[in-house]
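# Descriptive structure summary
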Amino acid sequence: MVEEGRKYVFDFDSTLTRVEALDVLAEMTLRNKANKDEVLKEIQDITNLGIDGDISFTESLERRIKLLNAHKDDLEGLVSELKQKISKSIEENKEFFQEYADDIYVISCGFKEFIDPIVAAYDIPSERVYANTFKFDEDGNIVGFDETNVLSSHNGKIECLKTLNLDGEVQVIGDGYSDYVMREAGIADKFFAYTENVHREKATENADFITPNLNEFLFVNDLPRKVSYPKNRIKILLLENVHPDAFENLSEDGFSVELVKHSIPEEELVERIKGVHVLGIRSKTQVTEKVLEAADKLLAVGAFCIGTTQIALEAAKKKGVVVFNAPYSNTRSVVELAIGQIIMLKRSIFARSSEIHRGQWFKTALNSQEVRGKNLGIVGYGNIGKQLSVLAEAIGMRVYYYDVADQLALGNAIKCSSLEDLLSVSDVVTLHIDDNKANKNFIGEREINQMRDGAILINLARGFVVDIPALANALKSGKLGGAAVDVYPEEPRANGEFTTELQGLENVILTPHIGGSTEEAQRDIADFVPNKIMDYINSGNTVDAVNFPNIRLPKQNKAHRFLHIHKNVPGVMAKINEVLAKYEMNITGQYLSTDPEVGYVISDLDKEYNKEVIKALKSVEHTIKFRVLY
Ligand SMILES: NC(=O)C1=CN([C@@H]2O[C@H](COP(=O)(O)OP(=O)(O)OC[C@H]3O[C@@H](n4cnc5c(N)ncnc54)[C@H](O)[C@@H]3O)[C@@H](O)[C@H]2O)C=CC1
Ligand SMILES: O=C(O)CCC(=O)C(=O)O
């Protein structure tokens, strides 16, 4: 409950606005001056010294005003500029300022001449704005400030607040040490260090609360706010060195994101997952049932790759955890690598290169052939297989493919009705089947024997798909003429030592699971997956989810949205609607998607309702997860 008579004292610069107003004024007045950058830097340094209390505030103000060289006429431009620079979460929560107008004060060491017109739009009248005022000469030049105003002196905010003699709890919200001192002096009850725009150690280390935006402040105080749950409270853990753009994208949207360079083993993840709302992984991290069991807050898992068998998808679904992946972003990278490997292997380039590295010159056409006119057998004609088909044809290869699903041939590719047919006709066999565990040892001794003598095998799919000892034997015996292997049955969690039976064999290219590791692919994934995650967290969309009923929701328009995930058993929907009817909810839209195990129903509602309905919906039998979004 909001305490009766509580007062909210806001700082202005870098709190209500994203900037320091005098810095903006300086930008304007110095625009055409040759020494602009130097002077600006000097002004900013002086501002910071003053804010952190390292020089007296009066001194900071005097020095800056002298350097500013501003005129009365500049103030209009400054106000228009500042109107564009209101802090994002302040702007979002205009309603709070309007609703609590009588309890909100601004105490600032800035100037009323620009603060008043800005905060008026937030229903804060001039009489509740305490700030300095400029002194002008007869030509309108700003030459100083009213020195009798307490706010022009060191720790003037303390004096100002003291004089106001406010009753009720006084909460101060600001970014600087000069805001904190009101709390230190015992005149304010709580100090919230506001870090949406700047993070000042001196303020945060002393704060009662650190508030990264106004939503958090309003949430902590149980005040009306624009969003149901502040995004900074949503913790995202990104493992396996995903591209930094993912961090940027998610942090920019306001989430609290932690980046870890490597994968984490199950036992450790069981601990780390607690309190995490979104987990981001690549192919190494095993999200097992045990991990999911320990995940008390988990809403979604983002696989920053194609494969998702490292995740217990069914168990995740049963817990209401939605899984997304990036099915297309790295496919081109894999295809280009496959093409490169085919050419390198057909020409025995790695053997020739190693010789020169060892100091030997061996010019020969032995075991060196063009790829033009050769038969390429693609096993798994999905997103990667199909693209490879097109590029391989473009360089003159004859393409054969085999797929368990009915896939349409692209270009002149020829469909094989069995794996054996494909193996027997191909000079190069390349594997692009999916990571289904049923594909274990898909290529073993028997299949290798069905291949042409001297043929080449490429595996860029999954390590367990090929029986490695059988492959090693075939390479040693000369049955196969070469191989390229990017994936292994056991791969290390982090970079370091690695051994495989294939090491040291002639004409074998070994790479550390980097088929999809290009800057382009990783950047694209870092855009694609976070967008899916944000779309789910922010609005409930599950389009392209791997393990969950897919639903594309319309934009939420001034409505509250109830997201209800439940076991798909008869009668649950009826119960949900019974509750909604009992509480006389005005439903503006309802959407349902189910699969045999879970149901996902979204109800958009008029925002005025009895909040008891939330408790009632959470206790509907078979409920897995429930969230309110606004
Ligand atoms: N090395 C790397 O860095 C990367 C590896 N990959 C892996 O590449 C593989 C292929 O990826 P996409 O083309 O995107 O997958 P996809 O799902 O689009 O295509 C896979 C195709 O394989 C077929 N298939 C599955 N099992 C089969 C079998 N036993 N016999 C014949 N066909 C079978 C499916 O019907 C499907 O058409 C995946 O395993 C993926 O994890 C993907 C990206 C990067
Ligand atoms: O780059 C990665 O971490 C994994 C790539 C991969 O194998 C996939 O996308 O399935």
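Residue positions are given per chain, counting from 1 as you read along its sequence in written order. Chains carry letters and ligands carry numbers; both start at the beginning, A for chains and 1 for ligands, and go up in the order they are written. Two thresholds apply to this predicted model, a pLDDT of at least 70 for residue-level local features and 80 or more for giving and counting side-chain atom pairs, whereas whole-chain, interface and lining totals are computed over all residues.

Here is the rule: UniProt positions are given in the numbering used here, feature names are shortened, and annotations may be inferred rather than shown by experiment.
Named according to an unreviewed UniProt entry, the chain is D-3-phosphoglycerate dehydrogenase originating from Croceitalea marina. Among the UniProt annotations of the chain, the heading Function (unreviewed entry) holds the following wording: "Catalyzes the reversible oxidation of 3-phospho-D-glycerate to 3-phosphonooxypyruvate, the first step of the phosphorylated L-serine biosynthesis pathway. Also catalyzes the reversible oxidation of 2-hydroxyglutarate to 2-oxoglutarate." Quoted verbatim from the Pathway (unreviewed entry) heading of the UniProt record, the comment on the chain is "Amino-acid biosynthesis; L-serine biosynthesis; L-serine from 3-phospho-D-glycerate: step 1/3."

## As for the overall build of the chain
We apply this condition: By definition, any uninterrupted DSSP run of H or I lasting at least four residues is a helix, any uninterrupted run of E lasting at least two residues is a strand, and each is numbered from the N terminus. In this treatment the radius of gyration is a C-alpha quantity, and the globule benchmark scales as 2.2 Å times the residue count to the 0.38 power. Put plainly, a residue is buried at 20 or more neighbouring C-beta atoms within 10 Å of its own, exposed at 12 or fewer, and partly exposed in between, counting only other residues' C-beta atoms, which are placed from the backbone. Our contact criterion uses C-beta atoms placed from the backbone: two residues qualify when those atoms are within 7 Å.
When its secondary structure is counted, the chain shows 25 helices and 24 strands. In summary, the chain has a C-alpha radius of gyration of 32 Å against a globular reference of 25 Å for 630 residues, an excess of more than 25%. Here the chain holds 630 residues, and the buried ones make up 41% of them. Across the chain, the fraction of contacts at a sequence separation of at least 24, relative to all contacts at a separation of at least 6, is 61%.

## Comments concerning the site of ligand 2
As a reminder of what qualifies: Nearness between a residue and a molecule or strand is assessed with a C-beta atom placed from the backbone; a distance within 6 Å qualifies. Residues are sorted three ways: Asp, Glu, Lys and Arg are charged, Ala, Val, Leu, Ile, Met, Phe, Trp, Tyr, Cys and Pro are nonpolar, and all the rest, Gly among them, are polar.
Neighbouring ligand 2 are the residues Arg-282, Ser-283, Cys-305, Ile-306, Gly-307, Asn-330, Gly-516 and Ser-517. Of the residues that constitute the shell around ligand 2, the class distribution is two nonpolar, five polar and one charged.

## Things to note about the packing of helix 2 (residues 21-29) against helix 5 (residues 74-83)
Keep this limit in mind: Only C-alpha atoms enter the line fits that serve as axes; for helices the fit covers just the stretch in contact. Angles between N-to-C directions range over 0 to 180 degrees. Angular relationships are summarised with four words: roughly parallel below 35 degrees, roughly antiparallel beyond 145, roughly perpendicular across 65 to 115, and oblique for the angles in between. The handedness criterion is simple: a crossing whose near helix is rotated anticlockwise from the far helix by less than a right angle is left-handed, and one whose near helix is rotated clockwise is right-handed.
Between helix 2 and helix 5, whose axes approach to 10 Å, the crossing angle comes to 125 degrees. Regarding the angle of helix 2 to helix 5, the classification is oblique. The element helix 2 and its partner helix 5 pack so that their crossing is right-handed. Residues Ala-21, Val-24, Leu-25, Met-28 and Thr-29 of helix 2 lie in contact with helix 5, whose contacting residues are Asp-74, Gly-77, Leu-78, Glu-81 and Leu-82. For the contact of helix 2 with helix 5, the residue count by class is six nonpolar, two polar and two charged.

## Notes on the sheet that holds strand 8 (residues 209-211)
Operational definition: Pairing between strands is defined by DSSP: at least two bridges between the two strands are required.
Judged by pairing direction, the sheet is parallel, and its six strands sit side by side in the order 3-2-1-6-7-8 without closing on themselves. Bordering the open sheet on either side are strand 3 (129-132) and strand 8, each of which pairs with just one other strand. Each strand axis lies, on average, 20 degrees off the axis of its neighbour in the sheet, ignoring direction. Pairing of strand 1 (residues 7-10) with strand 6 (residues 170-174), which is carried by four bridges, proceeds in the parallel orientation. The residue bridging Val-9 from the neighbouring strand is Val-172, located in strand 6. With respect to the sheet, helix 8 (residues 112-120) is in contact with strand 2 (104-111) and strand 3, its orientation differing from that of strand 2 by roughly 145 degrees.

## Looking at the domain arrangement of the chain
Short version of the rule: Source of the domain bounds: an automatic or database domain assignment.
When cut into domains, the chain gives domain 1 (7-220), domain 2 (231-324), domain 3 (331-517) and domain 4 (550-629). Taking only C-alpha atoms into account, the centre of domain 2 sits 26 Å from that of domain 4. Every contact between the two is made by four residues of domain 2 and, on the other side, five residues of domain 4.

## Overview of the site of ligand 1
Taken together, 32 residues are adjacent to ligand 1, and Gly-307, Gly-380, Gly-382, Ile-384 and Gly-515 come closest. Per-element tally for the shell around ligand 1: the top contributor is helix 19 (residues 383-394), with three residues. Here the residues of the shell around ligand 1 sort into 13 nonpolar, 14 polar and five charged.

## With respect to the UniProt feature "coiled-coil region" (unreviewed entry) in the chain
If you check UniProt for "coiled-coil region" (unreviewed entry), the listed places come out as residues 58-99 in our numbering. As annotated, residues 58-99 has a helix share of 76% and a strand share of 0%, and its two end C-alpha atoms lie 35 Å apart.

## What to know about the sheet that holds strand 24 (residues 623-629)
If you walk across this open sheet you meet the four strands as 22-23-21-24, and the pairing is antiparallel. With one partner strand each, in any of the chains shown, strand 22 (587-594) and strand 24 form the two edges of the open sheet. The sheet shows a mean angle of 10 degrees between the axes of neighbouring strands, taken without regard to direction. Strand direction decides the pairing type here: strand 21 (residues 560-567) and strand 23 (residues 598-605), joined by eight bridges, are antiparallel. Paired with Phe-562 across the two strands is Ser-603, which belongs to strand 23.

## Details of the environment of Val-613
Relative to the elements of secondary structure, Val-613 occurs in helix 25 (residues 612-618). With 301 residues separating them in the primary sequence, Val-613 and Ala-312 have C-alpha atoms 33 Å apart. Setting aside anything within four residues of it in sequence, one finds Val-613 in contact with Val-579, Tyr-583 and Met-585.

## Quick word on helix 3 (residues 36-51)
Using the following cut-off: The span you would expect from a helix comes to 1.5 Å times its residue count less one. Directions drawn from the helix axis to the C-beta atoms are what define this arc.
Taking 1.5 Å per residue, 16 residues should reach 22 Å; helix 3 reaches 22 Å between its end C-alpha atoms and fits that length. What helix 3 keeps buried is the set Ile-43, Ile-46, Thr-47, Gly-50 and Ile-51. Here the buried residues of helix 3 occupy an arc of 135 degrees about the axis, which is enough to place them on one side. Residues of helix 3 that are exposed and point more than 90 degrees away from the buried face comprise Asp-37, Glu-38 and Lys-41.

## With respect to the packing of helix 13 (residues 244-252) against helix 23 (residues 519-539)
Axis separation between helix 13 and helix 23 bottoms out at 8 Å; the angle between their running directions is 30 degrees. Classed by the angle they form, the pair helix 13 and helix 23 counts as roughly parallel. The two elements helix 13 and helix 23 cross, and the hand of that crossing is right-handed. Contacts between helix 13 and helix 23 involve Asp-245, Ala-246, Asn-249 and Leu-250 from the first element and Arg-523, Ala-526, Asp-527, Val-529 and Pro-530 from the second. Tallied by class, the residues present in the contact of helix 13 with helix 23 amount to five nonpolar, one polar and three charged.

## Overview of the nonpolar core
Operational definition: To form a nonpolar core, buried Ala, Val, Leu, Ile, Met, Phe, Trp, Tyr and Cys residues must be joined through C-beta atoms within 7 Å.
The biggest cluster of nonpolar side chains holds 60 residues, and the ones touching the most others in it are Leu-279, Ala-300, Val-301, Phe-304 and Val-321. A total of nine residues in this core trace back to one element, the largest contributor, which is helix 23. Both of domain 2 (231-324) and domain 4 (550-629) provide at least three residues apiece to this core. Setting aside residues no more than four positions away along its own chain, Ala-300 makes contact with Val-278, Val-321, Val-322, Phe-324, Ile-533, Tyr-536 and Ile-537. Core analysis: the next-biggest nonpolar cluster, separate from the first, contains 59 residues, Ile-65, Ile-118, Ile-124 and Val-129 among them.

## Describing the pairing of strand 11 (residues 278-281)
Formally: When the strands point away from the viewer and the path from the first strand over the helix to the second turns clockwise, the crossover is right-handed.
Residues of strand 11 alternate between two faces, with Val-278 and Gly-280 on one and Leu-279 and Ile-281 on the opposite face, all of them buried. Relative to strand 11, strand 9 (residues 235-238) runs parallel, the two being bridged by three bridges. Of the residues in strand 11, the one forming a bridge with Leu-237 is Leu-279. With helix 15 (residues 289-294) bridging strand 11 and its parallel neighbour strand 12 (residues 300-303), the resulting β-α-β unit is right-handed.

## Thoughts on helix 8
Among all positions of helix 8, only Lys-112, Phe-114, Ile-115, Ile-118 and Val-119 are buried. Along helix 8, the residues classed as buried sweep out an arc of 165 degrees about the axis, all on the same side. Against the buried residues of helix 8 lie helix 1 (12-16), helix 2, helix 5, strand 2 and strand 3.

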